[in-house]
Amino acid sequence: EMLLYEPKDLTGKKILVTAGPTQEDIDPVRYITNRSTGKMGYAIARAARNRGAEVVLISGPTGLKPVEGVELVKVHSADDMYNEVLKRFDKVDIVIKSAAVADYRPETKSTSKLKKSDDDLSISLTRNKDILQTLGGQKTNQILVGFAAESDDLINNALSKISKKNLDMIVANDITMEGAGFAVDTNRVKIILRDGRMIESPIMTKEELAHVILDHILTIER
Ligand code: CTP
Ligand code: CA
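Residues numbered from 1 in each chain as written. Chains lettered and ligands numbered in written order. Predicted model: local features only at pLDDT ≥ 70, side-chain atom pairs only at ≥ 80, totals over all residues.

1. Comments concerning the confidence of the model for the protein chain
Reasoning step 1: Chain-level statistics for the protein chain give a pLDDT mean of 94 and a share of 98% at 70 or above.
Reasoning step 2: In the model output, the complex is listed with pTM 0.95 alongside ipTM 0.99. (pLDDT = per-residue confidence, 0-100.)

Structural data, given as structure tokens:
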């Protein structure tokens with residue numbers, strides 16, 4: 001592992017992490033997805049495990065290896081992720097939602113492969129449920145941490161997600177910045193807490209950022 005010394009400061013904590021993209025089926029061979037690789041979420045799961053937490057990782061399709069010592073629940077669609085997260089919510093202390101959940105799915109999933117014709121094709125999309133917002137409405141004592149990938153007006157968008165989803169903290173990614181966001185090994189974020197604190201992180205590996213995120217979670221009063 002990367003760090004020589006990792007404190008066991010999450011011992012006794014149950015942490016649910018979501019990671020990766022979701023896939024929304026069009027027909028048996030096609031789907032809609034996004035550029036998430038799952039690296040950030042897997043790094044958080046590994047770091048939390050190393051610091052003593054009991055971790056469940058609910059992951060969309062990624063090419064990543066399971067994390068030893070972490071319970072892995074594989075899901076396909078946003079709806080699957082919703083169900084797996086919701087049924088565990090009342091048993092966990094902290095939820096970290098780094099998954100890039102698809103906002104929309106095809107209104108109907110064709111059971112047979114769509115055939116091409118000479119005409120153009122349009123696919124109607126319908127909204128997926130917002131998992132984090134649902135948790136925010138149900139939360140009792142859990143700490144809720146969201147992610148936000150933004151290309152414009154990062155801070156205002158992140159702040160409005162904190163209030164709309166009743167979050168304790170949000171990790172905001174400026175996806176227009178080099179070395180940040182999808183499919184790279186580094187990340188550069190602003191960590192914004194509900195109490196108004198705002199921490200700008202330098203560019204660092206996702207492994208290092210995972211530890212910084214956990215450090216800040218530990219400062220949240222309950
Ligand atoms: N999220 C979720 N369920 C969804 C959509 C998003 O739980 N159906 C979570 C993501 O996992 C992330 C946070 O909400 O932690 C913010 O996701 P983001 O896509 O940045 O925000 P949205 O609310 O979907 O708004 P928009 O995409 O319009 O910026
Ligand atoms: Ca979204």
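2. Description of the pairing of strand E2 (residues 24-27)
Reasoning step 1: Bridge count for E2 against strand E3 (residues 30-32) is three bridges, and the pairing is antiparallel. Directly across from Asp27, in E3, lies its bridge partner Arg30. (Pairing = 2+ DSSP bridges. Helix = DSSP H or I, 4+ residues; strand = E, 2+ residues; numbered from the N terminus.)

3. A few points about the nonpolar core
Reasoning step 1: Judged by nonpolar contacts, the single largest core of 54 residues is most densely connected at Ile15, Val17, Ile44, Ala48, Val145 and Ile170.
Reasoning step 2: When residues of this core are assigned to their parent elements, the largest contribution, seven residues, is made by helix H1 (residues 39-50).
Reasoning step 3: Excluding anything up to four places from it in sequence, Ile44 contacts Val17, Ile96, Ser98, Ala210 and Ile213. (Core = buried A, V, L, I, M, F, W, Y, C linked by C-beta atoms within 7 Å. Buried ≥ 20, exposed ≤ 12 C-beta atoms within 10 Å, placed from the backbone. Contact = placed C-beta atoms within 7 Å.)

4. Here we look at the UniProt feature "binding site: CTP" (unreviewed entry) in the protein chain
Reasoning step 1: According to UniProt, the positions carrying the feature "binding site: CTP" (unreviewed entry) are Asp103, Lys113, Phe147, Lys161 and Lys165. Sequence-wise these annotated residues cover 63 residues; spatially they are dispersed, their C-alpha atoms as much as 37.8 Å apart.
Reasoning step 2: On the secondary structure map, Lys113 appears in the loop between strand E7 (104-106) and strand E8 (125-127).
Reasoning step 3: Once residues within four sequence positions are removed from consideration, Lys113 is found in contact with Asp27, Pro28 and Val29.
Reasoning step 4: In this fold, Phe147 is placed in strand E9 (residues 143-150).
Reasoning step 5: Among the residues examined, Phe147 registers 23 C-beta atoms within 10 Å and is labelled buried.
Reasoning step 6: Look past the residues within four positions of Phe147 in its chain and what remains in contact with it is Lys97, Ser98, Ile170, Val171 and Asn173. (UniProt positions renumbered as here; feature names shortened; annotations may be inferred.)

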